[in-house]
Amino acid sequence: MGFGISTCPATFDRVLVTGGHGSLGTALGALLGTFSEVCHSSVDLPEIDVADFGAFARVVDGFRPNAVINCAAFTDVDACETREAEAMRVNGEAPGMMAAECRARGIRFVHVGTDYVFDGTGTRPYREDDPPNPLSAYGRTKLAGEKAVLSAYPEALIVRTAWLYGAKKSFVRTIAEKARRGEALSVVNDQHGAPTSAGDLAGAIFLLLEKEASGLVHFVNAGETTWHGVARQVLDVLKLDVPLKAVTTEEYLRSRPPGSPPVAPRPRYSLLDTSLYTRITGKNPRNWKEALEERLKITS
Ligand SMILES: NC(=O)c1ccc[n+]([C@@H]2O[C@H](COP(=O)([O-])OP(=O)(O)OC[C@H]3O[C@@H](n4cnc5c(N)ncnc54)[C@H](OP(=O)(O)O)[C@@H]3O)[C@@H](O)[C@H]2O)c1
């Protein structure tokens with residue numbers, strides 16, 4: 001079943017997508033492709049290095065988009081622990097620069113945020129105005145990016161999401177690949193969240209653009225599970241029969257070989273409250289199991 005979006009927002013017929021080769025960028029490119037008669041996207045342009053501030057302005061002036069969607073990010077959460085300055089340039093500073101360039105030209109700007117801005121000690125889904133408290137370098141750089149965007153361009157839209165999967169490398173894909181090789185799996189069962197389809201998020205971003213939403217808005221698929229629950233669902237949908245053991249985060253960390261690179265702390269609770277999204281768009285995100293099953297059927 002497709003996501004409930006049927007039209008390219010009429011006022012956004014030239015869309016520049018940065019990080020267009022990543023999971024979300026690919027999903028946005030696919031969605032824009034379905035509107036190809038009215039909607040022109042940047043997917044065929046060479047990838048812009050958003051850390052090269054001059055390059056972004058040059059591409060914007062050449063392509064003349066009426067909306068920019070920034071999907072570019074330093075997303076290797078563990079590598080951020082040892083390369084925070086590099087990650088800060090891409091996740092923290094570049095989004096603010098892009099937002100300022102867009103504001104100066106009257107271009108809508110959309111940025112993507114993460115549950116990692118929260119510390120995961122919450123006991124109910126996080127709302128947009130809950131205080132952030134990142135545990136990791138990745139979370140700190142992404143929080144700096146949110147602040148930079150809203151300071152440079154208060155009317156910009158930031159869509160926070162979590163546990164994203166799509167056509168590129170993701171937890172879902174890794175589990176499917178390991179299981180197909182017949183590997184036994186040990187997966188943590190004490191981190192809670194909602195896996196979110198990049199395709200559903202791409203649709204949600206367009207609905208929010210159509211509604212002229214601004215500021216922070218949370219979007220994740222509905223329901224709640226753990227990484228172990230996600231792995232169980234992947235195995236069930238793909239009918240793969242390998243041993244799947246539930247472990248705690250502590251057990252997982254202890255099982256890593258000596259000398260393994262540092263692992264960034266993860267929030268134990270990553271649920272995001274999507275009631276603002278529903279109030280703005282009139283739509284409810286669909287359940288994570290339905291979205292995941294659809295994705296697995298497309299790719300298997
Ligand atoms: N994945 C998740 O679970 C998750 C959860 C919450 C929020 N988010 C956010 O959602 C957004 C999209 O994430 P995603 O899952 O689509 O990530 P992704 O698949 O890793 O895609 C990110 C893209 O950005 C590119 N990139 C990295 N540095 C760049 C630079 N300096 N200039 C231009 N492009 C650059 C990457 O290229 P290379 O591959 O060549 O480096 C990659 O194509 C990000 O803002 C991320 O923080 C993701």
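Residues numbered from 1 in each chain as written. Predicted model: local features only at pLDDT ≥ 70, side-chain atom pairs only at ≥ 80, totals over all residues.

**Comments concerning the overall build of the protein**
Per the secondary structure count, the protein includes eleven helices and twelve strands. In summary, the protein has a C-alpha radius of gyration of 19 Å against a globular reference of 19 Å for 300 residues, a match within 12%. With respect to the principal axes defined by its C-alpha atoms, the protein has extents near 55 × 40 × 35 Å. Scored against the burial criterion, the 300 residues of the protein give a buried share of 45%. Excluding contacts between residues fewer than 6 apart, the proportion of contacts in the protein whose partners are at least 24 apart in sequence is 84%. (Helix = DSSP H or I, 4+ residues; strand = E, 2+ residues; numbered from the N terminus. Rg over C-alpha atoms; globule rule 2.2 N^0.38 Å. Buried ≥ 20, exposed ≤ 12 C-beta atoms within 10 Å, placed from the backbone. Contact = placed C-beta atoms within 7 Å.)

**Regarding the site of the ligand**
Around the ligand, 26 residues are found, and the nearest of them are Gly19, Gly22, Ser23, Ala72 and Leu164. Among the elements of the structure, α1 (23-33) and β4 (108-114) are those that each provide at least two residues to the shell around the ligand. When residues in the shell around the ligand are grouped by element, the largest group, three residues, is from α1. When grouped by side-chain class, the residues that make up the shell around the ligand number 13 nonpolar, nine polar and four charged. (Near = placed C-beta within 6 Å. Nonpolar A, V, L, I, M, F, W, Y, C, P; charged D, E, K, R; others polar.)

**What about the pairing of β4?**
A large share of β4 lies buried, amounting to seven of its seven residues. Judged by which residues are buried, β4 turns out to be covered on both faces: Arg108, Val110, Val112 and Thr114 on one side and Phe109, His111 and Gly113 on the other are all buried. Across four bridges, strand β3 (residues 67-70) lies against β4 in parallel orientation. Looking across to β4, one finds that Ile69 is bridged to Val110. Here β4 runs beside strand β5 (residues 157-161); their pairing, made up of five bridges, is parallel. In the strand pairing of β5, Thr114 is matched with Thr161. Running through helix α5 (residues 137-152), the crossover from β4 to the neighbouring parallel element β5 is right-handed. (Pairing = 2+ DSSP bridges. Right-handed = clockwise from strand over helix to strand, strands pointing away.)

**As for the environment of Ser255**
Tracing the sequence through the fold places Ser255 in the loop between α9 (249-254) and α10 (275-281). For Ser255, a count of 10 C-beta atoms within 10 Å puts it in the exposed group. In this structure, the C-alpha to C-alpha distance between Ser255 and Ser170, residues 85 residues apart in sequence, is 21 Å.

**A closer look at the confidence of the model for the protein**
This prediction gives the protein a mean pLDDT of 92; 92% of its residues lie at or above 70. Predicted confidence is poor over residues 1-7, with pLDDT under 50, and the contacts of this stretch with residues over four places away or in other chains come to eight contacts. (pLDDT = per-residue confidence, 0-100.)

**Things to note about the nonpolar core**
Counting residues in hydrophobic clusters, the biggest one holds 79 residues, and the most contacted among them are Val159 and Ile205. The contact partners of Val159, leaving out residues within four places of it in the chain, are Val110, Val112, Gly113, Ala204, Ile205, Leu208, Val217 and Phe219. (Core = buried A, V, L, I, M, F, W, Y, C linked by C-beta atoms within 7 Å.)

**Overview of α5**
For α5, which comprises 16 residues, the first-to-last C-alpha distance of 22 Å matches the rise-based estimate of 22 Å (1.5 Å per residue) to within 8%. Residues of α5 that are buried: Ala137, Tyr138, Gly139, Arg140, Thr141, Lys142, Leu143, Gly145, Glu146, Ala148 and Val149. The inward-facing, buried residues of α5 abut α3 (77-80), α4 (84-105), β4 and β5. (Expected span 1.5 Å × (residues − 1).)

**Let's talk about helix α6 (residues 171-180)**
Those residues of α6 that fall on the buried side of the exposure criterion are Val172, Ile175, Ala176 and Ala179. An end-on view of α6 places all buried positions within 95° of arc, on one side of the element. Here the buried face of α6 lies against β6 (164-165), β7 (185-188), α8 (227-238) and α11 (288-299). Downstream of α6 by a residue or two, Gly182 has a phi angle that is positive, lying close to 85°. (Arc of directions from axis to C-beta.)

**Regarding the environment of Pro243**
Relative to the assigned elements, Pro243 resides in the loop between α8 and β12 (244-247). Sequence-wise, Pro243 and Ser186 are 57 residues apart; in three dimensions their C-alpha atoms are separated by 8.3 Å. Ignoring anything within four residues of it in the chain, the contact list for Pro243 reads Ala184 and Leu185.

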